[in-house]
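Residues per chain are reported as follows:
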Amino acid sequence: IHFYYQDVDNDGTNDLLIYSANHQNCSENSVRIYWGNQETFFISEDYLELPVNSPFCAGSVFVDFNNDNLIDVFIRSASGVNTMLRNDGNRIFTEVPTFATGRDINPFFSDINGDGIKDLIYGKNGWADGQWGFRYNEGIGNGDFNPSTLIYYQEERAFDWDLISLSLNPLVNDVLDFAFIPANSDDYLYLAQWSNEENGFQFVTKSLENTGIETKLIGPVDYNGDGYTDIVYRYQVNPEAPFLYTGCVLLNDGYGNFYKTDTIIKNSPYMPYFFRPDPDHRFYMGLLKNKEVGSNWDYDSLFVVRMDKFYSISDSISVGDEEVLFTQEAVVPLVNHTSLKALDQIKSIEFELNFDQQIVEYIGYSHEQCIINGINSIDVAEVAGGTYKFICSTDNAITGNGILIKFHFKTLKTGKSDLKISNFKYNNDTIKNLKNGSVTVIIQGIQAMLQMNDTVVAALANVKMPVFSILPISPEQKLHKISFLLEYDPVIIRYAYSDAAGTIDEGTLIDIKENNAGHLEVGLSTETPLTGSGSIINLYFESMKPGISALQFSDIFYNYDNIKSFENGSIEVLNPAIIFNIPSSFSPNNDGINDTFKFEAEGLENYSVWIKDSWGKQVRSFDKFTGSWNGLNESGKEAPAGPYFYHINAVDYSGASLERNGVVYLIRQMIDVSPNPAKDKIMVRLNGNLSGDCYLRIFTVKGEEVVNQALFNCDKVEMDIAGLRSGLYQLIISNGIDKQGVKFIKE
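Residues numbered from 1 in each chain as written. Predicted model: local features only at pLDDT ≥ 70, side-chain atom pairs only at ≥ 80, totals over all residues. Heavy atoms only, no water.

Novice: Break down the overall build of the protein chain for me, with residues and values.
Specialist: Each helix and strand counted, the protein chain has 0 helices and 63 strands in total. The burial tally for the protein chain puts 46% of its 747 residues in the buried class. Of all intrachain contacts in the protein chain linking residues separated by at least 6 positions in sequence, the fraction that spans at least 24 positions is 57%. For the protein chain, the exposed area adds up to about 35,800 Å²; of that, 47% sits on carbon and sulfur atoms. (Helix = DSSP H or I, 4+ residues; strand = E, 2+ residues; numbered from the N terminus. Buried < 20%, exposed > 50% of the residue type's maximum accessible area, 1.4 Å probe, protein only. Contact = heavy atoms within 4.5 Å. Areas by Shrake-Rupley, 256 points an atom, 1.4 Å probe, with all protein chains shown as cover.)

Novice: Talk me through the sheet that holds strand S45 (residues 532-543); I want residue IDs and the actual numbers.
Specialist: Overall, mixed pairing links the 5 strands, which are arranged S42-S45-S40-S38-S48 in an open sheet. Both edges of this open sheet fall to strand S42 (493-499) and strand S48 (566-567), since each of them pairs with a single strand only. Across 6 bridges, S42 lies against S45 in antiparallel orientation. Counterpart to Tyr-497 in the pairing with S45 is Tyr-540. (Pairing = 2+ DSSP bridges.)

Novice: Please set out the sheet that holds strand S63 (residues 739-746) residue by residue, giving values where relevant.
Specialist: Across the sheet, 4 strands lie side by side as S60-S59-S62-S63; this open sheet has antiparallel pairing. Both outer strands of the open sheet, strand S60 (705-711) and S63, are each paired with one neighbouring strand and no more. This sheet shows a mean twist of 20 degrees between the axes of neighbouring strands, independent of strand direction. (Axes fitted to C-alpha atoms, helices over the stretch in contact; angles between N-to-C directions.)

Novice: I'd love a proper account of the pairing of strand S10 (residues 119-124), names of residues and values included.
Specialist: Counting buried positions over the 6 residues of S10 gives 6, a clear majority of the element. Of the two faces of S10, the one holding Asp-119, Ile-121 and Gly-123 and the one holding Leu-120, Tyr-122 and Lys-124 are both buried throughout. Strand direction decides the pairing type here: strand S9 (residues 105-110) and S10, joined by 6 bridges, are antiparallel. Within the sheet, the bridge partner assigned to Pro-107 lies in S10 and is Tyr-122.

Novice: Go over the packing of aromatic side chains, please, and point to the residues and values.
Specialist: To describe a pair of aromatic rings, one takes the distance between the centres and the angle between the planes. Applying the stated criterion across every chain, the model contains 50 aromatic pairs. Each member of the aromatic cluster is reached from another via a ring pair, and the members are Phe-108, Phe-134, Tyr-136, Tyr-152, Tyr-153, Phe-178, Phe-180, Tyr-190, Trp-194, Phe-201 and Phe-203. Between the NZ or CZ atom of Arg-32 and the centre of the ring of Tyr-47, over which it lies, the distance is 4.2 Å. For Arg-91, the ring lying beneath its charged end belongs to Trp-35, and the centroid distance is 4.2 Å. (Phe/Tyr/Trp six-rings, centres within 6.5 Å; stacked < 30°, edge-to-face > 60°. Lys NZ or Arg CZ within 6 Å of the ring centre and 35° of its normal.)

Novice: Now, about unusual backbone geometry: what can you tell me, with residues and values included?
Specialist: With an omega of -10 degrees, the peptide bond between Ser-674 and Pro-675 qualifies as cis. One can find Pro-675 in the loop between strand S57 (671-674) and strand S58 (681-686). Here the amide bond leading from Asn-676 into Pro-677 is cis, since omega sits at 10 degrees, within 30 degrees of zero. With respect to the secondary-structure elements, Pro-677 resides in the loop between S57 and S58.

Novice: For the nonpolar core, give the residues involved together with the corresponding values.
Specialist: Within the largest apolar cluster, 35 residues are counted, with the highest numbers of intra-cluster contacts made by Leu-334, Leu-404, Phe-409, Phe-424 and Tyr-426. At the level of secondary structure, the elements contributing two or more residues to this core comprise strand S26 (316-319), strand S28 (329-340), strand S29 (348-354), strand S30 (360-366), strand S32 (387-394), strand S33 (400-411), strand S34 (415-426) and strand S37 (437-442). Filtering out sequence-adjacent residues up to four positions away, Tyr-426 remains in contact with Ile-313, Asp-315, Ile-317, Asn-336, Leu-340, Ile-346, Ser-348, Ile-349, Leu-404 and Ile-431. Residues Met-465, Ile-493, Tyr-495 and Ile-563 belong to the second largest nonpolar core, which totals 32 residues. (Core = buried A, V, L, I, M, F, W, Y, C linked by side-chain atoms within 4.5 Å.)

Novice: Go over the environment of Gly-631 with me, naming the residues and quoting the values.
Specialist: Position of Gly-631 relative to the elements: it lies in the loop between strand S54 (618-623) and strand S55 (642-652). In this structure, the C-alpha to C-alpha distance between Gly-631 and Asn-589, residues 42 residues apart in sequence, is 9.4 Å. Sequence-distant contacts of Gly-631, defined by excluding residues within four places in its chain, comprise Phe-586, Pro-588, Lys-637, Glu-638, Ala-639, Leu-666 and Arg-668.

Novice: Give a description of the pattern of salt bridges that names residues and reports values.
Specialist: Under the criterion given, the structure shown has 9 salt bridges. In this structure, Asp-88 and Arg-86 form a salt bridge, with 2.7 Å as the shortest nitrogen-oxygen distance. A residue is classified by how much of its surface remains accessible, and Arg-86, at 26% relative accessible area, is partly exposed. Residue Asp-321 pairs with Lys-435 through a salt bridge whose shortest N-O separation is 3.6 Å. With Asp-321 in strand S27 (residues 321-325) and Lys-435 in strand S36 (residues 433-435), this residue pair connects regions lying 114 residues apart in the sequence. (Salt bridge = Lys/Arg side-chain N within 4 Å of Asp/Glu carboxyl O.)

Novice: Please set out the side chain of Asp-177 residue by residue, giving values where relevant.
Specialist: The topology assignment puts Asp-177 in the loop between strand S15 (161-165) and strand S16 (178-182). Put simply, Asp-177 is tucked away with no salt bridge, and the nearest opposite charge, on Lys-118, sits 13 Å away. A distance of 2.6 Å separates a polar side-chain atom of Asp-177 from the backbone nitrogen of Trp-194. (Lys, Arg positive; Asp, Glu negative; His and termini not counted. Polar contact = N/O pair within 3.5 Å; in protein donor to acceptor, adjacent residues only side chain to side chain.)

Printed below as a string of structure tokens:
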């Protein structure tokens, strides 16, 4: 009897090919296909009887010999006249021509020479016709074979040749092609490999650990679920009845090395006859029961045993590698690479994950679009610094391959954190093939620029030096930290203190260290992201002696982005005879107040002033004699509101040259506030008309209302602001329908 188990009619259930032989009456020999069904058993009446060329059929196999993805049937004959039946679909088989191979062959079909076409390998039992050894006929397509036969071990007088293919997923291609055991050498396994250079087979032998009488190969299977072909064989333990049998398996490491022998059945009165897998990795072992009448050829029954699971679950698990910008969330998948079977009933996963807490922070997990479904619970616990243990249980068995779960991390700083996985288990099976992953946090590419102005101050006076962030910062950049180094000349000036009054975020936390005189380490941090542009910190210095101290930036970082654009400033400490009084803004609205940009300078014989816009284009120039800038450009048109850079070249009465640089703001608004900045009082002028009763309100940058009063004259009003704290304020005038506003600074 021969047995094969495979889905022949492509209905999703396996079918059963059975050849049975009666050596006393060959007319009773038959080959049948019993059709499978969803109940996984077979009905004795539901079968297809296959035709044979000779009553002396001696075995049959399922094989797709014409590569059309339909399972065909090859029937071997003791007479040497074989039958090949092509599967035409719909349970119809057609006989196709073949050629005589000689008597009593044990065949298999496999692509030996790597040309994509199945070849024929068969062993010869020479007791009937004196032909021994085994043969090879190259496949030439469509189930045909080259009649030129390669013959090996022709003179080897063996009882039988059992040949099996080893073509199932070797780790290294072309390691082995097939194996056999000659009956007169029960202790050795012959391993064959095809050589294209030699156009033939090369052989090595392996000594078997467990052997006995008539050691025979049963079949190639992936016994332990690791994806590599193992070999099952049997032997007879004792020479006389009652006969006992042992079945063993040789485990393959994927390189063709059979490193271990496991016993499947030991000293049993049932002889292992076949060992077949199904798609769910269950195994069907055929056991023949001897009649115990003195001949090991006489059997009275066949038992088929299904083994659902007797191996550890095998898989390859990897953690993904992700690269994200700082402030972005990192989502990293945990992936399994071997298709998990429903038969394994995997309903629990357990593992540990380690990461660098300086780089990332674990914030949670997700399992959308993952192969885990029907989750009952996922327990996550920190078992050590940077090491979390995950225990997941499911209602449904996990099947297939793909993403198991996704880890979510918050980025803390730039750098690389390895994600190390360990102690991974499916149910109670430990998975050892684990690949670690990583999260790489890279810089954001923030475009920014720091600037400080040039300022002149009298000796022994304090000077306020705002640090400006010029280019606008968007909320999406999540800027929470700014740091930089600032060097100055401690002989000319001395650092006094700092504050955030009037800056774009007055709640900024400031950390300044001066470990060495003249070297400030400045760090700014905020709870809410910094946005926009403007001053970010005010540094106050005390002037010590006449001279010029440069204010030089270095090591500027926005979050973790190194900012290379900056404009240094300076503080010039003058003798009291030389005084500059340069306004920070003007409003050319012809109200007679602060209509031009001009400044007072004592101790200077002459000076020239150049005005440039933020793009570096000259807008206007004047000198000591022309006196001021009225807000018109060189073409006589109004320059738009905004910041403008001035450059002053001056000569004092001693002939010494002086230079000054800074920023002046041109204000064109419906409301003018002057002076701005102011200390005690401001004059508010409304350049447009608001009809009806008006109300004037003043708010802090945090939205707190500090002034609310009615106006009886909407043209102008003088206000006492001495009671307000220093900082930036928003002034709004409204009639209940329309409103106008302006910002001013209280010094």
